[in-house]
Amino acid sequence: MKKWFYGLLGVAVLAAIFVLALPTILHKAGMHPEYHGPKVALPAKRALVITTSHDVLAAPGETEGPATGVVASELTHPYYVFLDGGMQVDVASIKGGQIPIAPDSLGRVSMTPETERFLQDSIFQAKVDKSIKIDDIDFSEYDIIFLAGGWGAAYDLGYSPVLAEKVSGAYYADSKPVIGGVCHGVLGLINAKDRDGNLLVAGRRMTGVSDKQIEELNIEITPQHPETELRKAGALYESQTAFRDMFATHVVVDDEKRFVTGQNQNSGLETAHKMMQVVADREQ
């Protein structure tokens, strides 16, 4: 009896150690990698971070399902990169008001230093609780426009005529803002058009979350998938892969250096830094 008890206790202890170590294990495997590349400062420049307003993971047309929204790191990582680089950062969403944050992205396993910082940052929290509606923003006033992802973005970013029109306008703005995003956020680019009515992403190197990652996570219920939609729009899609693509990462700067896109939730830091680098290089 004692032998059985101590054996069971040993299993429980090992399980507890594994649970405690899981965030570190996932990080070492490639989840939310640290950024070690060059950093620049852009004082007096402005950045706009845009998110979804959709909060339910369900089949198109259905209204009941698990809570979803923007993935926390895809909001917090670019925000703090821009802020710490001296930029003024505004936060907007499709409908304005409180931004839904996917609950699982606030859990211990998904937590990052930037998200922990957000949970202690009353100013940032106020921006998220009372985000600006995209209709009320002049995109041409910004130097960087970043589209955050998350499952919620699959339901509204690619379907918003306002967002498509404003991205199109921003492309032709005198300020020439650098436009981009990560994961499902890139869906906000697929319907933007040039002055001849052609899709802006056509012929451009771009990335976004892969169909493989969506299939591996078994969340194919969403109405749009970035890889599929980018390819349909004529973009030259590229990505990296891993034993599970949630551990891969990839960032693409298009040849014109107007669009910077990141593959998935791991790519936010690098994408934001490269957007800033593109802006800084113009100043030289």
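This section reports on the structure supplied with the text. This is a predicted model, so every value here is computed, not measured.

## Topic: the nonpolar core
Side chains of nonpolar character tend, in soluble globular proteins, to be buried together. One finds Ile50, Phe82, Phe139, Ile144, Leu163 and Leu189 to be the most contacted residues of the largest nonpolar core, which totals 71 residues. It is helix α9 (residues 268-283) that contributes the most residues to this core, seven residues altogether. The contacts of Phe139, once residues within four sequence positions are left out, are Leu48, Ile50, Ile134, Ile145, Leu163, Lys166, Val167, Ala170 and Pro177.

## Overview of the pairing of strand β2 (residues 88-93)
Across the six residues of β2, five count as buried, placing the element largely inside the fold. In this sheet, β2 lies alongside strand β1 (residues 46-51) in parallel orientation, the contact comprising six bridges. Paired with Val49 across the two strands is Val91, which belongs to β2. Each parallel crossover has a hand, and for β1 linked through helix α2 (residues 72-84) to β2 it is right-handed. Bridge analysis of β2 against strand β3 (residues 132-133) gives two bridges, and the strand direction is parallel. Paired with Ala92 across the strands is Ile132, a residue of β3.

Conventions we followed
Residues numbered from 1 in each chain as written. Predicted model: local features only at pLDDT ≥ 70, side-chain atom pairs only at ≥ 80, totals over all residues. Heavy atoms only, no water. Core = buried A, V, L, I, M, F, W, Y, C linked by side-chain atoms within 4.5 Å. Buried < 20%, exposed > 50% of the residue type's maximum accessible area, 1.4 Å probe, protein only. Helix = DSSP H or I, 4+ residues; strand = E, 2+ residues; numbered from the N terminus. Contact = heavy atoms within 4.5 Å. Pairing = 2+ DSSP bridges. Right-handed = clockwise from strand over helix to strand, strands pointing away.

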